[in-house]
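Residue-level structural notes
Below, each chain spelled out in residue letters.
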Amino acid sequence: DPNYSASDFGLTSGASAFVNSIVASAMGFLPDMDLNTIEKLMKDTSVKTSNDKGLINAYKMIRVVKTIRDELVKSGQAPTAKNIFKYYNANSKRLMNFDLEAERSFVEAKKLLESSGCDSHRQAIVLLRKAFLLSQKAKYAHEIIHLYEVDDAENSNISFFNSLIPNSNIEAMQKKSQTQGSR
């Protein structure tokens, strides 16, 4: 088709390839994982958006799957579909909690932002994205948005991260920002 462009690959066609690659990566760690567990992991690790829909969070999902595999092997259990499902259901809250690691990444990013230089800012953005993907706290998204605004990056990045913050959090952050600015 002469009217086809690479950007037309998005939507369903692009999503299918993306989802399949995530499932393939996850099954690389746990080949016997069943469809119910995969679906539950995708839902549980997704990034919740302000419109109550979710975005697949490949980073967090793969981290959880790898942890399940490592812990099953360490405990001497075979990573069968039944053991994977049972282990995930029994430990899902703990397996999903990356708050401490996310906060460490956030603090490290803030320190990098105090120094000047493009490399420091790039490293900070990577750490802030990691923090956000591990623990979807509004302050992580807000800091990323601020960096994009300061660095005059594409508005699509700002819009994307704004869409991930519930409206009540955006309003609270704007009030806090106004209060701090008037001091």
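Since we're looking at a predicted model, the values are computed, not measured.

1. A short note on the packing of helix 3 (residues 58-74) against helix 4 (residues 81-96)
Axis separation between helix 3 and helix 4 bottoms out at 10 Å; the angle between their running directions is 120°. What the angle tells us is that helix 3 and helix 4 run oblique. Relative to helix 4, helix 3 is oriented so that their crossing is right-handed. Where helix 3 abuts helix 4, its residues K60, V64, T67, I68, E71 and L72 lie against N83, I84, Y87, Y88, R94, L95 and M96.

2. What about the nonpolar core?
Side chains of a nonpolar character, in soluble globular proteins, are inclined to be buried together. In this structure, M33, M61, V64 and I68 are the most contacted members of the largest nonpolar core, which totals 36 residues. Among the elements of the structure, helix 1 (11-29), helix 2 (35-45), helix 3, helix 4, helix 5 (99-114), helix 6 (118-134) and helix 7 (138-150) are those that each provide at least two residues to this core. Counting residues per element, this core draws most heavily on helix 6, which supplies seven residues. Those residues within four positions of M61 in sequence are excluded, and the remaining contacts are I22, A26, I38, L41, M42 and T45.

3. Some words on the side chain of T45
Residue placement: T45 occurs in helix 2. Of note is the side chain of T45, whose polar atom sits 2.6 Å from the backbone oxygen of L41. Apart from residues no more than four positions distant in its own chain, T45 is found in contact with N57, K60, M61, V64 and M96.

4. A few points about the pattern of salt bridges
Under the counting rule described, the total for this entry stands at nine salt bridges. Two residues, R63 and E101, come together in a salt bridge whose shortest N-O distance is 2.6 Å. Taken together, the positions of R63 in helix 3 and E101 in helix 5 put the pair 38 residues apart, joining distant regions of the chain. Note that K66 is salt-bridged to D70, the shortest N-O span being 2.9 Å. Taken together, the positions of K66 and D70, both in helix 3 and four residues apart, correspond to about one turn of that helix. With relative accessibility at 36%, the residue K66 sits in the partly exposed group. Connected through shared salt-bridge partners, R63, E101 and K130 make up one network.

5. Topic: the environment of S120
Tracing the backbone shows S120 in helix 6. Spatially, the C-alpha atoms of S120 and A109 are 8.5 Å apart, while their sequence positions differ by eleven residues. When neighbours within four sequence positions are excluded, S120 is seen to be in contact with L112 and S115.

So, how was this worked out
- Residues numbered from 1 in each chain as written.
- Predicted model: local features only at pLDDT ≥ 70, side-chain atom pairs only at ≥ 80, totals over all residues.
- Heavy atoms only, no water.
- Axes fitted to C-alpha atoms, helices over the stretch in contact; angles between N-to-C directions.
- Helix = DSSP H or I, 4+ residues; strand = E, 2+ residues; numbered from the N terminus.
- Parallel < 35°, antiparallel > 145°, perpendicular 65-115°, else oblique.
- Left-handed = near helix turned anticlockwise from the far one by under 90°.
- Contact = heavy atoms within 4.5 Å.
- Core = buried A, V, L, I, M, F, W, Y, C linked by side-chain atoms within 4.5 Å.
- Buried < 20%, exposed > 50% of the residue type's maximum accessible area, 1.4 Å probe, protein only.
- Polar contact = N/O pair within 3.5 Å; in protein donor to acceptor, adjacent residues only side chain to side chain.
- Salt bridge = Lys/Arg side-chain N within 4 Å of Asp/Glu carboxyl O.

All quantities given are derived from atomic positions and should not be read as evidence of function.
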